[in-house]
Every structure is written in C-alpha cells, then in structure tokens.
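Here are the chains, one letter per residue:
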Amino acid sequence: MEHISFLVAVVIITALAFDFTNGFHDTANASATAIATGALRPKVAVTIAALLNFAGAFLSVKVATTISGGIVNEKAGVHPEIIFAALAGAILWNLLTWLRGLPSSSSHALYGGLIGATIVGVGMNGVNFDTVVTKIIIPAVASPLVAGLASWGATKLAYAITRKGNPAVTDKGFKTGQVVSSSLISLAHGTNDAQKTMGIITLTLVSVGALPHGALPPTWVIVSAGAAIALGTYMGGWRIIRSMGKGLADIKPLQGFASESAVSTVILTSSHMGFGLSTTQVCTGGIMGAGLGGPKPELRWSMVRRMVYTWGLTLPAAGLVSGGAALLAQQGTWGVVLVGAALVAGSATMWLISRRQPVGADNVNDVAEVTPVELTPAAAPANPTPASTTVAA
C-alpha cells in the first residue's frame, strides 16, 4: 500500500464515485419494467436491485481484465492523471444524460473517457484498438439487436401460450415472474458493470507499481466497487426509470417478464465471455422488442430516436471531454486541481438543475397517456408527445 499516493487515492475515490453514478444511472435496467407494470413498488424494486448488484460483483472478473489489461496497454505509460481525466469525462456525461432522462451507456462513457484520455496522454499506441472493436464496438451494435429479437420472440411465444387464459390470472402470474426476472437482471448488472470500476482501479494500481501487470482485482477492490454500485442503485435513477418504464412503450406484465428474461440471458452470457457491453442498451433493446412483440406493436419513436442519437454520441463525447481533461491534468498539480474543480462544479450544477423538476419514487410513473404510434419511424409525429416530453424532464 506504500505505492498509494494522494493522487492515486483521489483516483480511486473518483472511480468509486463513477461507480455510484453508474448505479443510479442504470437502476432502470432492472427496475423500470417491474415498476411500470406494478410488479414491485418503487422502493422495494431498487432495494432488491441494490442487494443483487452487490452480490453480482463477486461472480466474475473477466470484464475487469478487459479494461485493466485489454482496452489500454498497461506498458504504454498510462499514469493516474490520465485515469483521473477519463473518470471526470465519464461522470459528467453520466450526469448530463441522467438529467435529461436519457438511458445512455455508463459503460461507453467510461470506455470513451479512457480511450480519449489515453490517446492524449500517451498516444495512439496506448489503446488496443483490436480489443476496442471486438469487445466494445461489435457488442454495442449486436447486443441490443440480439436482446430485442430475443425479447420479441419471447413475447410472441408467451402471448401464444396464454391467449386462452384468464387475463387477470395471467397478469398476476407474470407480475410474480417479474420479481424473479428483474432480480436476475440486477445480478447480471452487478456481474458486468461493477467489474468496470474494478478494472479502472486495478489499472491505476498497476500504473504505479502497486500491482504487477496482468493482476486480477484485489478483494478490497471487488468489495468497494460492489458497495459503490449498490449504493448508487439504491438511490434510484428515477428519471431514467421513468423513461425506460413508460417512455418507450406501454409494457404489460407479460412483456416485462419476456423482456427481462431475454436481457438477463444476454448480459450473463456476455459477462462470461468478457464482453464489456452496455447493459443499458441491452435492456432498452429488450423493452423495444417486447413493445413490438405485443398484440398491437407500438413504440414511442421520438424517445427511441433521442436514445439512439445519445448512444452514438456517448463514446466520442466522453472521449473529447476526457481528452481535454487529460491535457490539463498533465500540466501538473494545478491542472489536476482544475479538472477536479470542473468535475465538482459541473456535477453540482446538474444536481441543482434537477431539483427544479424532481422525479422520485412517488411520481416515477406519472406520465401522460398518448396514442400509440405506428410501427414505422416515419409515422412518428413531428412534435414530441406529452410522454416523451415528460420523461425528459
């Protein structure tokens, strides 16, 4: 522990702060549909999600090694200032998209920040672009499509099986099933996303010689990362829960169960293979597949378009911000202090803005009803629907 300087301690704390934002930003992944259908009360849903996110952090470290020894070349001279800059850009992007109620990818914000800061700090040779393509870019494109297709098929199958059943009994049964399926997503989310912070902290420790190259995350890193993401999850990212639960489609219990079952399968399989995918994109793809798989296929395409634009912007936007932060941080102590001040000021500003129209457990489902849009994006209205305007608040 003698290698842990003040700067390294600041980087570790900042990494855990990112993990906290990842938790409340991604609470919606497991909780949104269960809350929207009434399967779980809001506070109960986020409590279960928090506990299982913590448990999931202990199941695997393969995604952590993708970050600590995969995306970035540990031998290229990456140092704590670069990692601090990467985290600053990722946190600010997370908070901005949370403020707008947009379910963007915390994972891609972190990857983009790490790539941008590393390129500025040590050059192009500091990034393993083959790993970026195979472990990040390809899963980013494929995973929501796979989850959406699986969710669509599961929804169609479930409706076919239950078409002659009593609707009230069927809904009650699927609400019970959602308790299990949403819990599985929480476990999967902890397995995948908590590892990303483990990887960042491990990379920091390797960069200062506290751990050897290729080392796995120490136990204290696993515990602290799991605790940070669990605490963030418990706080509840209510704005994004509203967007995913009510902003995309009117999800029924059957659709919620089908979506969550498909999504958890995709996430757990990808975690086992070491893919650093975006759980947010997978869950959103699952919800869209369930919406299109219902008896009357429907989606609110205005929200879909906004989310897809945000997904495309996340990697480059976080990379640019972190690259600028890295340029400052490398100037010396004053540069690191300036980056830290900008991070605190930006975070505080966005939190204060959010208080103007607070969203919490008591009003998370308060979204105006709208007329379902047609199946094709071209049929979407030019002006936002009341729902798409409300969820962005």
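The shown structure was predicted, so the numbers you read here are calculated from the model rather than taken from an experiment.

Novice: Hey, could you run me through the overall build of the chain in this one?
Specialist: In terms of helices and strands, the chain carries 14 helices and zero strands. Of the regular secondary structure in the chain, the N- to C-terminal order runs α-α-α-α-α-α-α-α-α-α-α-α-α-α. Residues counted as buried form 57% of the 393 residues belonging to the chain. For the chain, the proportion of contacts with a sequence separation of at least 24, taken over those separated by at least 6, is 87%. Surface accessibility of the chain: about 15,300 Å² in total, with carbon and sulfur atoms responsible for 69%.

Novice: What should I look at first to understand the UniProt feature "transmembrane region" (unreviewed entry) in the chain in this one?
Specialist: Those residues carrying the UniProt feature "transmembrane region" (unreviewed entry) are residues 44-64, 76-96, 108-129, 136-154, 220-241, 308-328 and 334-353 in this numbering. Span residues 136-154 is 100% helix and 0% strand, its end C-alpha atoms 26 Å apart.

Novice: Sorry if this is basic, but what is going on with the side chain of Ser 181 here?
Specialist: Tracing the sequence through the fold places Ser 181 in helix 7 (residues 167-207). When its relative accessible area of 3% is taken as the criterion, Ser 181 is described as buried. Looking at Ser 181, its side chain comes within polar contact range of the side chain of Glu 260, at 2.4 Å. Those residues in contact with Ser 181 that sit more than four places away from it in its chain are Phe 257, Glu 260 and Ser 261.

Novice: Hey, could you run me through the packing of aromatic side chains in this one?
Specialist: Aromatic ring pairs are reported here in terms of the distance separating the ring centres and the angle at which the planes meet. Inspection of every chain in the model, using the stated rule, returns four aromatic pairs. Aromatic pair Phe 54 and Phe 58: ring centres 5.2 Å apart, planes at 75°, arrangement edge-to-face. On the basis of an interplanar angle of 50° and a centroid distance of 5.6 Å, the ring pair of Phe 174 and Phe 257 is categorised as tilted. With Phe 174 in helix 7 and Phe 257 in helix 10 (residues 253-273), this pair connects stretches of sequence that are 83 residues apart. Owing to a relative accessible area of 28%, Phe 257 belongs among the partly exposed residues under this scheme.

Novice: Sorry, what's going on with the packing of helix 2 (residues 42-56) against helix 8 (residues 219-235) here?
Specialist: How two helices pack is summed up by the angle between their axes together with the distance between the axes. Where helix 2 meets helix 8, the axes come as close as 8 Å, and the angle between the chain directions of the two elements is 170°. The angle between helix 2 and helix 8 places the two elements in the roughly antiparallel class. On helix 8, the residues touching Lys 43, Val 46, Thr 47, Ala 49, Ala 50, Asn 53 and Phe 54 of helix 2 are Val 223, Gly 226, Ala 227, Ile 229, Ala 230, Thr 233 and Tyr 234. For the contact of helix 2 with helix 8, the residue count by class is nine nonpolar, four polar and one charged.

Novice: I keep staring at the pattern of salt bridges and nothing clicks. Help me out?
Specialist: Between side chains of opposite charge, pairing is possible as soon as their charged atoms come close. Applying the stated criterion across every chain yields a total of two salt bridges. Its salt-bridge partner being Asp 193, residue Lys 196 comes within 3.0 Å of it at the nearest N-O pair. Highlighted residues: Lys 196 and Asp 193, both in helix 7, separated by three residues, approximately one helical turn. On the basis of relative accessibility, which here comes to 0%, the residue Lys 196 falls in the buried class. Its relative accessible area of 0% is what places Asp 193 among the buried residues.

Conventions and cut-offs
Residues numbered from 1 in each chain as written. Predicted model: local features only at pLDDT ≥ 70, side-chain atom pairs only at ≥ 80, totals over all residues. Heavy atoms only, no water. Helix = DSSP H or I, 4+ residues; strand = E, 2+ residues; numbered from the N terminus. Buried < 20%, exposed > 50% of the residue type's maximum accessible area, 1.4 Å probe, protein only. Contact = heavy atoms within 4.5 Å. Areas by Shrake-Rupley, 256 points an atom, 1.4 Å probe, with all protein chains shown as cover. UniProt positions renumbered as here; feature names shortened; annotations may be inferred. Polar contact = N/O pair within 3.5 Å; in protein donor to acceptor, adjacent residues only side chain to side chain. Phe/Tyr/Trp six-rings, centres within 6.5 Å; stacked < 30°, edge-to-face > 60°. Axes fitted to C-alpha atoms, helices over the stretch in contact; angles between N-to-C directions. Parallel < 35°, antiparallel > 145°, perpendicular 65-115°, else oblique. Nonpolar A, V, L, I, M, F, W, Y, C, P; charged D, E, K, R; others polar. Salt bridge = Lys/Arg side-chain N within 4 Å of Asp/Glu carboxyl O.

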